[in-house]
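# Residue-level structural notes
Okay, here's what each chain looks like letter by letter:
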Amino acid sequence: MSLATHNGTGSVDAPVSPPKVVRQRRVRPGLLGLAVLLIALGGLGAAFAVTSVRATGSYLAVARDVEVGREISASDLVTVQVAGGQGLRPVPAGRLDEVVGKRAAVALVPGTLLTLGQITDDPLLGPGQQQIALGLKTAQVPARQLHPGDKVLLVSTPDRSNTGQADTAGTRFPATVIDMVSPASDDKVLYLALSTRDVPAVVALAAQERLAVVLTEAA
């Protein structure tokens, strides 16, 4: 306990307070380890962000629906910026000219990145098939637009020439649509995959304008 003393000059010294002892705080090893871990994770996050920015590139994405087998045009695609797109293996925007003119090997959905596995330049012909082209009037086409993969029947119509040849009216030839184009005129050009054995008869009937096209199954 502190005491007040008199120094003989009429003043009294104030009580003397005992010195305070400051206790040192101990750092818990667990908290120290957590701090080190957070610093390390922060560094990794920063490195990942830098890597992602560096990996950003321009790639091709699908802008509108493209049916299986249809030829791809530039308007079907759009250029997008993607970070880290290399792992997805999309087609770089600089390869647009290589893609245009090829066909969709699968149905292309808008908003998805285009990959090389989704396109092909192989003809849509199966084993034992050949491709033929038929010129048709609009009224002879069974739908406003036929799409690649549609199944059709080519049906022979009666022979009106009375040449004495055997009438093959009603003969049916199954075929698959490869493509259909519409020139400036009213005509349509229909490209079909047809069994090799049926090609000679169909070509002869087409030359006589004795074929009707029937849609049996839409792709």
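Here goes a summary of the coordinates provided. (Residues numbered from 1 in each chain as written. Predicted model: local features only at pLDDT ≥ 70, side-chain atom pairs only at ≥ 80, totals over all residues. Heavy atoms only, no water.)

## Topic: the overall build of the protein chain
Across its full length, the protein chain carries three helices and nine strands. What you see in the protein chain, going N to C, is helices and strands ordered as α-β-β-α-β-β-β-β-β-β-α-β. Every one of the 219 residues in the protein chain was classed for burial, and the buried ones make up 26%. Expressed as a percentage of contacts within the protein chain between residues at least 6 apart in sequence, the contacts between residues at least 24 apart total 65%. Of the roughly 14,700 Å² that the protein chain leaves accessible, carbon and sulfur atoms contribute 58%. (Helix = DSSP H or I, 4+ residues; strand = E, 2+ residues; numbered from the N terminus. Buried < 20%, exposed > 50% of the residue type's maximum accessible area, 1.4 Å probe, protein only. Contact = heavy atoms within 4.5 Å. Areas by Shrake-Rupley, 256 points an atom, 1.4 Å probe, with all protein chains shown as cover.)

## Quick notes on helix α3 (residues 199–207)
In an α-helix, one turn spans 3.6 residues; hence positions three or four apart end up facing the same way. When α3 is considered as a whole, its buried residues turn out to be V199, V202 and L205. In a view along the axis of α3, the buried residues occupy a sector of 135°, so they form one face of it. Pointing more than 90 degrees away from the buried face of α3 are the exposed residues P200 and A207. Against the buried residues of α3 lie β5 (129–137), β6 (151–156), β7 (172–181), β8 (187–195) and β9 (211–217). Positioned one or two residues after α3, E209 has a phi angle of 55°, which is positive. (Arc of directions from axis to C-beta.)

## With respect to the sheet that holds β5
Strand order in this open sheet of five strands is β5-β8-β7-β6-β9, and the pairing throughout is antiparallel. Each edge of the open sheet carries a strand with a single partner, namely β5 and β9. Within the sheet, the average angular offset between the axes of one strand and its neighbour, ignoring direction, is 40°. (Pairing = 2+ DSSP bridges. Axes fitted to C-alpha atoms, helices over the stretch in contact; angles between N-to-C directions.)

Nothing here speaks to function; it is all geometry.
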